Amino acid sequence: MRIAAARRWLVGLLLLLTACSATPGDSTSPSASTYIQNKGSDTIVNLALAWAEAYQKVKPEVRISVTGGGSGTGLTALISGTVDIANASRKIKTEEIKAAEANGIEPVEHVIARDAIAVIVNPQNPIGELSLEQISRIYRGEVTNWSELGGEDRPIVRLSRETNSGTHVYFLEEVIRLGDKDNKEIFSADTLLLPSSEGIISEVSENPNAIGYDGLGYVTDHVKMVAVARTADQPYVLPSVESVNSGQYPISRDLYMYARGDAPQIVLDYLAWILSPAAQQIVTDLGFVPILSTTAGK
Amino acid sequence: METAKSERWITWIVKISGYSSILFVSLILFFLVREGLPALGDVPLKDLFGVRWYPIEGYFGIWPLIFGSVLVTVGALLIGIPFGIGTAVYLSELAPAWIKNVLKPIIEILAGLPSVVLGFLGIQLAAPFFRQFLNLPTGLTAFTGAVLLGFIAIPTIVSISEDALNTVPSGYRQGALALGANHWQTIWGVTVPAARSGLLTAVMLGVGRAIGETMAVMMVTGNAPVLPRSLNALFLPARTMTATIASEMGEVATGSEHYHVLFFIGMVLFGISLAVNLTASSLALRSRKRAERLLS
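Residues numbered from 1 in each chain as written. Chains lettered and ligands numbered in written order. Predicted model: local features only at pLDDT ≥ 70, side-chain atom pairs only at ≥ 80, totals over all residues. Heavy atoms only, no water.

## Here we look at the packing of aromatic side chains
Our working definition: Classification of ring pairs rests on two measures: the distance between centres of Phe, Tyr or Trp rings, Trp counted by its six-membered ring, which must be within 6.5 Å, and the angle between planes, read as stacked under 30 degrees, edge-to-face over 60 and tilted in between. A helix here means a DSSP run of H or I that spans at least four residues, while a strand means a run of E at least two residues long, and both kinds are numbered starting from the N terminus. Each residue is assigned to one of three classes by its accessible area relative to the maximum for its type, calculated with a 1.4 Å probe on protein chains only: buried under 20%, partly exposed between the two thresholds, exposed over 50%. To sit over a ring, a charge needs its Lys NZ or Arg CZ within 6 Å of the ring centre and within 35 degrees of the ring normal.
Inspection of the entire model under this criterion finds 21 aromatic pairs over all chains. Ring geometry for Phe-49 of chain B versus Phe-264 of chain B: centroids 6.4 Å apart, planes at 80°, classification edge-to-face. Residue Phe-49 of chain B is located in the loop between helix H3 (45-48) and strand E1 (53-54), and its partner Phe-264 of chain B is located in helix H13 (residues 257-295); the two are separated by 215 residues in the primary sequence. Judged by relative accessible area, Phe-49 of chain B falls into the partly exposed class, the value being 32%. Ring geometry for Trp-63 of chain B versus Phe-67 of chain B: centroids 5.5 Å apart, planes at 35°, classification tilted. On the criterion of helical spacing, the pair formed by Trp-63 of chain B and Phe-67 of chain B is a turn pair, its members being four residues apart in helix H4 (residues 63-94). The structure contains a cluster of three or more aromatic residues connected by ring pairs, namely Tyr-139, Phe-171, Phe-187 and Tyr-213 of chain A together with Tyr-54 of chain B. Just above the ring of Tyr-170 of chain A sits the side chain of Arg-253 of chain A; from NZ or CZ to the centre is 5.6 Å. One residue, Lys-15 of chain B, lies across the ring of Trp-12 of chain B, its end atom 5.3 Å from the ring centre.

Now the structure itself:
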């Protein structure tokens, strides 16, 4: 994960450098109106970089620099007025809105893509369906053997991302606590915290005892996705673009970009382009779930 | 006149480089304490030495991390010491010259291998192998970490032990053989005890190498902050102090409770390595004195 993060930083830096080196040659002086600063969530950073690169072909005069650092980092930068667009894999908090308004900035939310979180097991594992309640009990340590869920007599090995991951926090709130704000349950202490999404895929693909979760874009053929039901009496649904957009798949979240209310026209143009079919195709290519053009009438 | 002046300059430069290490260590200590000590004010002592580590919900118990580090390090030494010293004895006392010429460079290559490469091999080969061979729920355990750390510590232990064995005067060996001792008795009864202080230094540097190692450990131990309840814990996942700092420092807000606690863990690590070094040097000193007394 570190290496991937470093690589993203480097790419961001390179993009920034090319932007810097290109501007002095332009006859028009480099002004804020041709330059977009974009910062935030590490989940979104690869997508944002791909968009920034593609947008160079659409509007070569607009330079976009993309950096990661986490949703909180991006929103803090937006609040202090140092970036034009903040990427976030969670909704902005009320405190952050207040802090922004105190600085005379009104943050406007744009849903730019969706991300499904797939629950995965080893292909040898006969279990193919789990309810949210069952997943929660597994990760809380109440269920410790697959036979309790109708599977083989094998111990359950729980895998998770590290606590600094936005995906970890989302999984904690929406799956382990079942979306209940007053619920203070946490991961069982013997949950393995792996430093990367790839680490989870590799352990699940190799170990028949393991269960893990990962963004849909990371899932490979070497692991088996579990169909998930909101409650035991509702239908079990596999994650896919369709089931996420129809709202049937229960573990999915929106990904956001936040810009200020009085953003310059080029920022608004860029955000509008992101919802275009061409840009949403990049979303699909990177394994995220695109927003249907019908629902994206912003 | 001219030479005296330049000599004074050189003396100064050498002196400054000598003192600089003291300066650096004290600066590091100062920074660690400044950032780590507020943790004691932020988190009640009872919670800080609690048994649950889950920082994003305010559980800051560092016992599982301390025990995780100790478990992995002790395991690494159980593997590293016999193999390391055994290899050094073989190289210095038994191996024919041509084997020595082949083995030594290979061990040095092992020493230069980046730990992330070993970690990668650990995740891809060692962890699946141990899971099947020992019939464990998962191969990502303290034991897998200990084996990798053993491999990381072995080159350090071998090269320093071998140097120590080489400095044993050949008169000792000849004397032992002349008294009728066989080859094995000479090695075990004379050469190895005579090199004891050097061997101890080798082991202690191996400990230092193992307890400070981060990357390989983070990749293969599973990082679950479980408090060990029995020796069986060696074959369960564990989370070390170094892996915790490495994986959580990146995202933590400067000045927050969590930030201070991570620095506090750094202080604990500093304290442990200081204790290891002090023990090593005092033991080395004592055994040298005894050896001098016996031989003079």
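## Brief notes about the nonpolar core
The tendency in soluble globular proteins is for nonpolar side chains to be buried side by side. Heads up, the condition is: Each nonpolar core is a collection of buried residues, namely Ala, Val, Leu, Ile, Met, Phe, Trp, Tyr and Cys, held together in the definition by side-chain atoms within 4.5 Å. Should any heavy atoms of two residues lie within 4.5 Å, those residues are counted as being in contact.
Within the largest apolar cluster, 67 residues are counted, with the highest numbers of intra-cluster contacts made by Ile-138, Tyr-139, Phe-171, Ile-211 and Ile-251 of chain A. Not counting residues up to four positions away in its chain, the partners in contact with Phe-171 of chain A are Ile-117, Val-119, Ile-135, Tyr-139, Ile-176, Phe-187 and Tyr-213 of chain A.

## Quick word on the pairing of strand E3 (residues 85-88) of chain A
Residue and element names in this part refer to chain A. Test applied: Pairing between two strands is assigned when DSSP locates at least 2 bridges connecting them.
The two faces of E3 match: Ile-85 and Asn-87 on one face and Ala-86 and Ala-88 on the other face are all buried. Note that strand E1 (residues 35-40) and E3 share three bridges and pair parallel. Across the sheet, the residue bridging to Gly-40 is Asn-87, located in E3. Here four bridges tie E3 to strand E11 (residues 252-260), and the two strands are oriented antiparallel to one another. Considered in E11, the bridge of Ala-88 is made with Tyr-256.

## A few points about the packing of H4 of chain B against helix H9 (residues 183-194) of chain B
Residues and elements named next belong to chain B. Here is the rule: Helix axes are fitted to C-alpha atoms over the stretch in contact, other axes to C-alpha atoms as well, and angles between N-to-C directions run from 0 to 180 degrees. Here is the rule for angles: anything less than 35 degrees is roughly parallel, anything more than 145 is roughly antiparallel, 65 through 115 is roughly perpendicular, and the remaining ranges are oblique. Note on convention: the crossing is left-handed when the near helix lies turned anticlockwise from the far helix by less than a right angle, right-handed when the turn is clockwise. Following the grouping adopted for this structure description, the nonpolar residues are Ala, Val, Leu, Ile, Met, Phe, Trp, Tyr, Cys and Pro, the charged ones are Asp, Glu, Lys and Arg, and the polar ones are all others, Gly among them.
At a minimum axis separation of 12 Å, H4 and H9 run at an interaxial angle of 115°. Of the possible angle classes, the one that applies to H4 and H9 is roughly perpendicular. Judged by the twist between their axes, the crossing of H4 over H9 is right-handed. Across the interface between the two elements, Val-89, Glu-93 and Leu-94 from H4 touch His-183, Ile-187, Thr-191 and Val-192 from H9. Residues belonging to the contact of H4 with H9 are distributed by class as follows: four nonpolar, two polar and one charged.

## Focus on the interface of chain B and chain A
Selection rule: When two parts are put together, the accessible area they lose, computed with a 1.4 Å probe and summed over both, is reported as buried area. Counted as salt bridges are all cases of a side-chain nitrogen of Lys or Arg within 4 Å of a carboxyl oxygen of Asp or Glu. Here a polar contact is taken to be a pair of N or O atoms separated by no more than 3.5 Å, where protein atoms must pair a possible hydrogen donor with a possible acceptor and residues adjacent in sequence count only if both atoms sit in side chains.
Counting from both sides, the interface comprises 28 residues of chain B and, opposite them, 30 residues of chain A. For the chain B and chain A pair, buried surface summed over both sides reaches about 2300 Å², with 56% attributable to carbon and sulfur atoms. The interface formed by chain B and chain A includes three salt bridges. Between Glu-57 of chain B and Arg-177 of chain A there is a salt bridge, with the nearest N and O atoms lying 3.1 Å from each other. At the junction of chain B with chain A, the criterion picks out 11 residue pairs in polar contact (both at pLDDT 80 or more). Those elements that provide at least two residues to the side of chain B that touches chain A are helix H6 (115-133) and helix H12 (241-249) of chain B. At four residues, H6 of chain B tops the list of elements feeding residues into the side of chain B that touches chain A. Class assignment for the residues of the side of chain B that touches chain A results in 15 nonpolar, seven polar and six charged.

## Quick look at the pairing of strand E6 (residues 157-161) of chain A
Residues and elements named next belong to chain A. With five of five residues buried, E6 is to be regarded as a mostly interior element. On E6, burial covers both faces: Val-157, Leu-159 and Arg-161 on one face and Arg-158 and Ser-160 on the other are all buried. Pairing of E6 with strand E8 (residues 210-215) involves two bridges; the strand directions are parallel. Note on E8: the bridge partner recorded for Arg-158 is Ile-211. Both E6 and strand E7 (residues 192-194) contribute to a ladder of three bridges, which runs parallel. In the sheet register, Leu-159 faces E7, and the bridge partner there is Leu-192.

## Observations regarding the packing of H4 of chain B against helix H5 (residues 97-112) of chain B
Residue and element names in this part refer to chain B. As a packed pair, H4 and H5 sit with axes 10 Å apart at the nearest point and diverge in direction by 145°. The handedness of the crossing between H4 and H5 comes out as left-handed. Contact residues: Thr-87, Tyr-90 and Leu-91 in H4; Ile-99, Lys-100, Leu-103, Lys-104 and Ile-107 in H5. By residue class, the composition of the contact of H4 with H5 is five nonpolar, one polar and two charged.

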